[in-house]
Amino acid sequence: MLLFYNLSKINILVFNNFKKDFFVFSYASVYWLCNYFDFIRKILRLINILKSKNKKKKYNPVNLRRKENFDIVKNIVNKSKSVKPLNLLEIGAGKTLIDPIKRSQIGNLNQYVIDIENQLSYKEVIYNLKKYRKDKDTSSLNKKNLKSFLEHIGIFYLVSQKFEDLVPILPEINIFYSINTFEHIPSEDIKKIFQNFKLMRSKDAISLHLIDFSDHYSSIPGVSEWNFYRYGNLSWKFLNPPYFYQNRLRHNDYLRIFKSYGLEIDPLLTRKFYSNDTLNIKTLNKEITDSYSFKDLKNTATRFILR
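Residues numbered from 1 in each chain as written. Predicted model: local features only at pLDDT ≥ 70, side-chain atom pairs only at ≥ 80, totals over all residues. Heavy atoms only, no water.

Q: Explain unusual backbone geometry to me, using residue names and the numbers behind them.
A: The backbone of Asn108 sits at a positive phi, close to 55 degrees, despite the residue not being glycine. Residue placement: Asn108 occurs in the loop between helix 4 (98-103) and strand 2 (109-115). Classification of Asn108 by relative accessible area gives partly exposed; the value is 31%. Look at Arg248: it is not a glycine, yet its phi comes out positive at around 65 degrees. As for its position among the elements, Arg248 is in the loop between helix 8 (233-238) and helix 9 (251-260). (Helix = DSSP H or I, 4+ residues; strand = E, 2+ residues; numbered from the N terminus. Buried < 20%, exposed > 50% of the residue type's maximum accessible area, 1.4 Å probe, protein only.)

Written out as structure tokens, the structure reads:
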């Protein structure tokens, strides 16, 4: 009887793992196709817009972190003794530009926001401008005049596949910013970004990076924040398409990169965030469990403040 019970547990576990793998493989396949068929990207974006419209408003910890980030940037600008505007560089601008638009209210700040492709949702950008910049005349805003309006309020939107190509046209940077971006960039490319940032940063530059270490497929029901660690490095290559790339790096991995370019964390402002979900470390690949402790894995996001 005990043997039958144990076999049943094993069968349920195998079935659940198969179900997770099937969903992850299906999602990964769609993202692989995005690299070859642009219309699939457009369909996905349309689905995301429709989903966001129908979503019920609920507590979202990321929104709280965005508010905290805004306050940190505002405090940096307000404390600055510079007569000239400070220059903020953001990597991973996103499609709504909500963060740059909110920050444009601070004043004495120029923002250079970068993405590897133009994925702006013009309707959402205009909606956010009308909502947060009521001090400006936004009545005639449209797709054609949007860029000039953004530049008028100190937001310069730039698109480039290679960060180094933008270095010659960017000014000295006082604040380097990103939110949920670096986890989608290979470690070697992150190193190149900081190598170039070293050439551009001012003497008192501050970097603020909020990085999510969790599996972004965890939006699939039943898939945990650590699911991508169930796979070995070779298996993960087939489930990690370029269009939805996840580097699987964690807190200390990023620290090593930052320190190699002379950046040190501000221990008072740097903050780790820990998951409330249950972590079963036995389900993870040994390559991972040999590299990270239980506490390292429970730390699923960090806001780094670097100087």
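Read on for the rest.
Q: Got a sec to walk through the pattern of salt bridges? Specific residues and values, please.
A: Opposite charge on two side chains lets them pair, provided their charged atoms get close. By the definition in use, this model includes 14 salt bridges. Two residues, Asp38 and Lys42, come together in a salt bridge whose shortest N-O distance is 3.6 Å. Taken together, the residues Asp38 and Lys42, both in helix 2 (residues 38-54) and 4 residues apart, mark about one turn of the helix. You can call Asp38 partly exposed: its relative accessible area is 41%. On the basis of relative accessible area, Lys42 is assigned to the exposed category, the value being 52%. A salt bridge links Arg256 to Asp253, with the shortest nitrogen-to-oxygen separation between them at 2.6 Å. With Arg256 and Asp253 both in helix 9 and 3 residues apart, this pair spans about one turn of that helix. For Asp253, a relative accessible area of 13% corresponds to the buried category. When salt bridges with common partners are traced through the structure, they connect Glu68, Arg271 and Arg303 into a single cluster. (Salt bridge = Lys/Arg side-chain N within 4 Å of Asp/Glu carboxyl O.)

Q: Any chance you could break down the packing of aromatic side chains for me, citing the residues and the numbers?
A: One pass over the structure, following the stated rule, counts 22 aromatic pairs. For the pair Tyr112 and Phe156, a centre-to-centre distance of 5.0 Å together with 15 degrees between the ring planes defines the contact as stacked. Of the two residues, Tyr112 is situated in strand 2 and Phe156 in strand 3 (residues 155-159); the sequence distance between them amounts to 44 residues. Residue Tyr112 is classed as buried on the basis of its relative accessible area, which comes to 14%. Look at Phe156 and you get partly exposed, because its relative accessible area is 22%. Here the aromatic residues Phe176, Phe182, Phe194, Phe197, Phe213, Tyr254, Phe258 and Phe304 are joined through ring pairs into a cluster of three or more. The ring of Phe273 is capped by Arg65, whose NZ or CZ atom sits 4.0 Å from the centre of that ring. Directly above the ring of Tyr177 sits Arg103, whose terminal nitrogen or CZ lies 4.5 Å from the centroid. (Phe/Tyr/Trp six-rings, centres within 6.5 Å; stacked < 30°, edge-to-face > 60°. Lys NZ or Arg CZ within 6 Å of the ring centre and 35° of its normal.)

Q: Residue-level account of the sheet that holds strand 4 (residues 173-179), with values.
A: The pairing of strands in a sheet comes from backbone hydrogen bonds and takes either a parallel or an antiparallel form. The sheet built from 7 strands is open, its strands ordered 3-2-1-4-5-7-6 with mixed pairing. The open sheet has two free edges, formed respectively by strand 3 and strand 6 (271-274), since each of these has just one partner strand. The mean inter-strand angle of the sheet, taken between neighbouring strand axes irrespective of direction, is 15 degrees. Note: strand 1 (residues 86-91) against strand 2, 6 bridges, orientation parallel. Its bridge partner being in strand 2, Glu90 is matched across the sheet by Val113. The strands touched by helix 7 (residues 187-200) are strand 1, strand 4 and strand 5 (201-212); relative to strand 5, the strand with the most contacts, the crossing angle is about 150 degrees. Seen against the sheet, helix 9 touches strand 5, strand 6 and strand 7 (299-306) and runs at an angle of roughly 20 degrees to strand 7. (Pairing = 2+ DSSP bridges. Axes fitted to C-alpha atoms, helices over the stretch in contact; angles between N-to-C directions. Contact = heavy atoms within 4.5 Å.)

Q: How would you sum up the nonpolar core? Please name residues and give values.
A: Counting residues in hydrophobic clusters, the biggest one holds 30 residues, and the most contacted among them are Leu89, Phe182, Phe194 and Tyr254. Counting residues per element, this core draws most heavily on helix 7, which supplies 5 residues. Sequence-distant contacts of Phe182, that is, excluding residues within four places in its chain, are made with Phe176, Ile190, Ile193, Phe194, His209, Ile211, Asn247 and Tyr254. (Core = buried A, V, L, I, M, F, W, Y, C linked by side-chain atoms within 4.5 Å.)

Q: So what about the environment of Lys192? Which residues, and what values?
A: Residue placement: Lys192 occurs in helix 7. The exposure class of Lys192 is partly exposed, given its relative accessible area of 44%. Expressed as a C-alpha distance, the spacing of Lys192 and Glu164, which sit 28 residues apart in the sequence, is 8.1 Å.

Q: Give a description of the environment of Thr302 that names residues and reports values.
A: Relative to the helices and strands, Thr302 is located in strand 7. Judged by its relative accessible area of 0%, Thr302 falls in the buried class. Expressed as a C-alpha distance, the spacing of Thr302 and Ile72, which sit 230 residues apart in the sequence, is 15 Å. With residues near it in sequence (within four places) discarded, Thr302 still touches His209, Leu210, Ile211, Phe213, His251, Thr270, Arg271, Lys272 and Phe273.

Q: Report on helix 9, specifying residues and quantitative values.
A: Think of an α-helix as turning once every 3.6 residues; residues three or four places apart then point the same way. When helix 9 is considered as a whole, its buried residues turn out to be His251, Asp253, Tyr254, Leu255, Ile257 and Phe258. Gly262 sits one or two positions beyond helix 9 and adopts a positive phi of about 75 degrees.

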